Amino acid sequence: MKSRLISAIAFPLLIACAHIQELDPQYRSDWDVTMANARQAVEGGNYFAADKLLDEFVRTHPGTREASEAAFWKAAYEVDPANNNGSLATGITALDGYLSANPNGLYRNEATVLRRTAAAAQGITNTLQATANDSSSQPVIRDTVVVVNKSRDEQIAALKDQLAASKAELAKVSAELDRIKKRLANPSN
C-alpha cells in the first residue's frame, strides 16, 4: 500500500518534471536554430539577415534570457570587420546597451572585452584618418599594434636638420636686417 502511494505521487511528479523539461528545450531549440541560421548568414556575409533573424527571435520570445542575449550577438556582428555595413561606433553603443541592460548577462565578459577592443580599433582608425595627409609618418598596422615607419631617432634627426636649416635662414634674415639698419642709419652712403 505504501509503495503504491509513493508511486501514485512520484509518477505525476515525474511526468510534470518531464513536461517542464520539454518547455525549456523548446526555447533552447528555437534559440539554437536561430543562432545556427544567424551564424550561417554571417559566414555567407549576410549580416542583414543575421540581424533580422535575431530580431525575430526577440519578437517571438520576449522576456527570455536568450532574447536578452541576442543584443550581444547583434552588437558583435556590428563590430565584425567583415561586416561592410557595420560600424565601430554603432557596435560600441550596442555593446554599452547590452552591458547596461544585462548586469548578469551570459556574455558579459565577452561583451566587455569586445567593447574595449572595438574602442581601441576605433582609436587606431581615428589616428590613421588624422595622419592620412602626412605621408612621412604613415603607420603600418600589424594585428592591433601600430608601428610607425620612422624610428624615434630618425624623427629627432629630421627635426634637428629642420632646426639647423631654420637657424641658417634666420642668420641670413638677421644679416639682411643689420645691413638695412646700417643703410638707414647712414643715408648718405
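The notes below deal with the structure included here.

About the thresholds
- Each chain has its residues counted from 1, following the order in which its sequence is written.
- Residue-level local features of this predicted model are given only where pLDDT is at least 70; pairs of side-chain atoms are given and counted only at 80 or more, and the full residue set underlies all totals for whole chains, interfaces and linings.
- Here the side-chain values reflect all heavy atoms present in the structure, with hydrogen atoms and water set aside.
- Interaxial angles span 0 to 180 degrees and are taken between N-to-C directions of axes, which are lines fitted to C-alpha atoms, for helices over the stretch in contact.
- Secondary structure elements follow DSSP: runs of H or I of four or more residues count as helices, runs of E of two or more count as strands, with numbering from the N terminus.
- In these notes the angle categories are as follows: under 35 degrees is roughly parallel, over 145 is roughly antiparallel, 65 to 115 is roughly perpendicular, and the rest is oblique.
- If you view the pair so one helix is near and one far, a crossing is left-handed when the near helix is turned anticlockwise from the far one by less than a right angle, and right-handed when it is turned clockwise.
- It only takes one pair of heavy atoms within 4.5 Å for two residues to be counted as in contact.
- Gly counts as polar in this scheme, as do all residues outside two lists: the nonpolar Ala, Val, Leu, Ile, Met, Phe, Trp, Tyr, Cys and Pro, and the charged Asp, Glu, Lys and Arg.
- A pair is scored as a salt bridge if a Lys or Arg side-chain nitrogen falls within 4 Å of a carboxyl oxygen belonging to Asp or Glu.
- Any residue under 20% of the maximum accessible area for its type is buried, any over 50% is exposed, and the rest in between are partly exposed; the area is computed with a 1.4 Å probe on protein chains only.
- Take the buried residues of types Ala, Val, Leu, Ile, Met, Phe, Trp, Tyr and Cys, join any two whose side-chain atoms come within 4.5 Å, and each joined set is a nonpolar core.

1. Thoughts on the packing of helix H3 (residues 65–79) against helix H5 (residues 108–130)
Reasoning step 1: One can describe the packing of H3 onto H5 by two numbers: an axis separation of 11 Å at closest approach and a directional angle of 25°. Accordingly, the angle class assigned to the pair H3 and H5 is roughly parallel. In the crossing of H3 with H5, the sense of the turn from one axis to the other is left-handed. Between H3 and H5, the residues in contact are Phe72, Ala76 and Val79 and Glu110, Ala111, Leu114 and Ala118, respectively.
Reasoning step 2: Classifying every residue of the contact of H3 with H5 by side-chain character gives six nonpolar, no polar and one charged.

2. A look at the pattern of salt bridges
Reasoning step 1: Applying the stated criterion across every chain yields a total of six salt bridges.
Reasoning step 2: A salt bridge links Asp55 to Lys74, with the nearest nitrogen and oxygen atoms 2.3 Å apart. Of this pair, Asp55 sits in helix H2 (residues 47–60) while Lys74 sits in helix H3, and the two are 19 residues apart along the sequence.
Reasoning step 3: Looking at Lys74, the relative accessible area reads 25%, which means it is partly exposed.
Reasoning step 4: Of the charged contacts in the structure, one is a salt bridge between Arg59 and Glu56, with a shortest N-O distance of 2.5 Å. With a gap of three residues between them, Arg59 and Glu56 both fall in helix H2, about one helical turn apart.

3. Side note on the nonpolar core
Reasoning step 1: One finds Trp31, Leu54, Phe72, Trp73 and Tyr77 to be the most contacted residues of the largest nonpolar core, which totals 21 residues.
Reasoning step 2: Of all the secondary-structure elements, those providing two or more residues to this core are helix H1 (2–43), H2, H3 and helix H4 (88–101).
Reasoning step 3: A per-element tally of this core places H3 first, with seven residues.
Reasoning step 4: Sequence-distant contacts of Leu54, defined by excluding residues within four places in its chain, comprise Trp31, Thr34, Met35, Ala70, Trp73, Lys74 and Tyr77.

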